[in-house]
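Chain and residue survey
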Amino acid sequence: MAAHAQLLAAGVPAATIRDRCRPGGRWQRPLPGVVVLHSGPLTGEERYRAALCYATRRTASPLPAPGRAPAEAVITGAAALMLHQVRAARMCGPQMIDVLVPYRRNVRSREWVRVYRTRRFPGVAAGGRGLPVAPLLRATVDAVRHAPDPGWVRGLLHEVVQARGVSLEELGAELRSECLGTRPGVAQVLGELVAGTRSPGEGLARRVVEGAGLPRPLWKPRLYVGGEFLCVADAYWARHGVLLDVDSRAQYFSVADWERARERHRRLEETGLWVVRVTPGQLAREPGRVVAEVRAALEAGPHGPLGRVSVRG
């Protein structure tokens, strides 16, 4: 891969470049000023490098060496999240590649490359394949900017804060500075994270239960039966012996995870407590049905050996 100007500087005639980039030729020009020296489909890495080449008008180089000038462009947004190996990014498979450039550069978005000119050019993080990538915090904020699905945003923000160590305070400040704090769902997710909600499903359950006027449950209590640990419940109505279990199979990454979840379900059923088991999808699509099931369980209670159940946390 090379910039058109680099090929000219290397002595390749303009006519040769033009001829080889014709339809059916040996080369291709996926973006203005960018020449790929083969005719087949671009790989994912070639798409990243082509985007950087377009933004800088030179061959996309790896991370700058210590003491060298900083990178002139970095990948950001959902594409950068892929390189940071953020699980939520796999669900969107970015069609657009977002690139940040310093504000002084006059580069426009083209085809599948979206260019941001910024006065706050970030440092460079080591992404996959040695490409210059925006730090995780900045990449997350830029991904939220164009995310069409509030549910995806919820999962992303939970993951980067709880699994990837992004500071909640810095995340909130950065989203607000980019005028994204009022985007649909963003303020709610930040509130969930402040409250200690540990998964998108749990946050959705809180909104459904609290919005329906049901008796207030204990959220995420540790339950013991006869002094023996039973589980951490998503929600538990202690006077009624009713437990809400948000079963998100997306959290099962191995057979061992699945087996542990199945064993947990078995133990809950054996106690005699009434378990209302739902998925995040049911909470989102059928909140009324979930509320009706919980209400019916509360009215039919109490259930199980309440005298032997103790709550901690």
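Report follows, based on the coordinates. Here the structure is a predicted model, which means the values were calculated and not measured.

Below, the discussion takes up the overall build of the protein. Broken down by element type, the protein carries 13 helices and 15 strands. Taking contacts inside the protein between residues at least 6 apart in sequence as the whole, the part at least 24 apart equals 57%. A total accessible area of about 15,900 Å² is found for the protein, and carbon and sulfur atoms account for 52% of it.

The next point concerns the sheet that holds strand 2 (residues 28-31). Ordered in space as 1-3-2, the 3 strands form an open sheet in which the pairing is antiparallel. Only two strands of the sheet have a single partner each, and these edge strands are strand 1 (2-3) and strand 2. Two strands pair when backbone bridges link them, and strand 1 and strand 3 (residues 34-36) are joined in this way by 2 bridges, in the antiparallel orientation. Residue pairing for strand 3: Ala3 is matched across the bridge by Val34.

As a further point, take the nonpolar core. In terms of nonpolar packing, the biggest core is built from 51 residues, with Ile75, Leu81, Val99, Leu156, Leu171 and Leu175 touching the most fellow members. It is helix 3 (residues 44-56) that provides the largest number of residues to this core, a total of 7 residues. Those residues in contact with Leu171 that sit more than four places away from it in its chain are Leu137, Thr140, Val141, Leu157, Val160, Val161, Val166 and Leu190. Within the second largest apolar cluster, 19 residues are counted, among which are Leu214, Trp219, Val276 and Val290.

A pair can form between side chains of opposite charge whenever their charged atoms are brought close. According to the stated counting rule, one finds 16 salt bridges in the structure shown. Among the ionic pairs, Arg266 bridges to Glu270, the shortest N-O distance being 2.5 Å. Of the two residues, Arg266 and Glu270 both sit in helix 11 (residues 255-271), 4 residues apart, roughly one turn of that helix. Judged by relative accessible area, Arg266 falls into the partly exposed class, the value being 35%. Beyond isolated ion pairs, a larger network of salt bridges with shared partners links Arg120, Arg138, Asp142, Arg145, Glu174 and Glu178.

Quick look at the pairing of strand 2 now. Relative to strand 3, strand 2 runs antiparallel, the two being bridged by 2 bridges. Each bridged residue has a counterpart across the sheet, and for Leu31 the counterpart in strand 3 is Val34. Here strand 2 folds back onto strand 3, and the loop between the two strands holds 2 residues, one of which, Gly33, carries a positive phi near 80°.

This part covers helix 8 (residues 168-177). At 3.6 residues per turn, the α-helix brings residues three or four places apart onto the same side. Where helix 8 is concerned, the buried positions are Leu168, Leu171, Gly172, Glu174 and Leu175. Seen along its axis, helix 8 keeps its buried residues to an arc of 165°; they face one direction. Exposed positions of helix 8 whose direction lies more than 90 degrees from the buried face are Glu169 and Arg176. The inward-facing, buried residues of helix 8 abut helix 6 (136-146), helix 7 (150-162) and helix 9 (186-194). Downstream of helix 8 by one or two residues, Cys179 has phi in the positive range, about 60°.

Quick look at unusual backbone geometry now. Looking along the chain, the bond that leaves Gly301 and enters Pro302 is cis, with omega of 10°. Structurally, Pro302 can be placed in the loop between helix 13 (287-300) and strand 15 (309-312). Unusually for a residue other than glycine, Glu111 sits at a positive phi of about 45°.

Below, the discussion takes up the packing of helix 6 against helix 8. Across the interface, helix 6 lies against helix 8 with an axial gap of 10 Å and an inter-helix angle of 45°. One element, helix 6, and the other, helix 8, form an angle in the oblique class. For the crossing formed where helix 6 meets helix 8, the hand is right-handed. Contacts from Leu137, Arg138, Thr140, Val141 and Val144 of helix 6 reach helix 8 at Glu170, Leu171, Glu174 and Leu175. Here the contact of helix 6 with helix 8 is built from residues that sort into 5 nonpolar, 1 polar and 3 charged.

Criteria and thresholds
- Residues numbered from 1 in each chain as written.
- Predicted model: local features only at pLDDT ≥ 70, side-chain atom pairs only at ≥ 80, totals over all residues.
- Heavy atoms only, no water.
- Helix = DSSP H or I, 4+ residues; strand = E, 2+ residues; numbered from the N terminus.
- Contact = heavy atoms within 4.5 Å.
- Areas by Shrake-Rupley, 256 points an atom, 1.4 Å probe, with all protein chains shown as cover.
- Pairing = 2+ DSSP bridges.
- Core = buried A, V, L, I, M, F, W, Y, C linked by side-chain atoms within 4.5 Å.
- Buried < 20%, exposed > 50% of the residue type's maximum accessible area, 1.4 Å probe, protein only.
- Salt bridge = Lys/Arg side-chain N within 4 Å of Asp/Glu carboxyl O.
- Arc of directions from axis to C-beta.
- Axes fitted to C-alpha atoms, helices over the stretch in contact; angles between N-to-C directions.
- Parallel < 35°, antiparallel > 145°, perpendicular 65-115°, else oblique.
- Left-handed = near helix turned anticlockwise from the far one by under 90°.
- Nonpolar A, V, L, I, M, F, W, Y, C, P; charged D, E, K, R; others polar.

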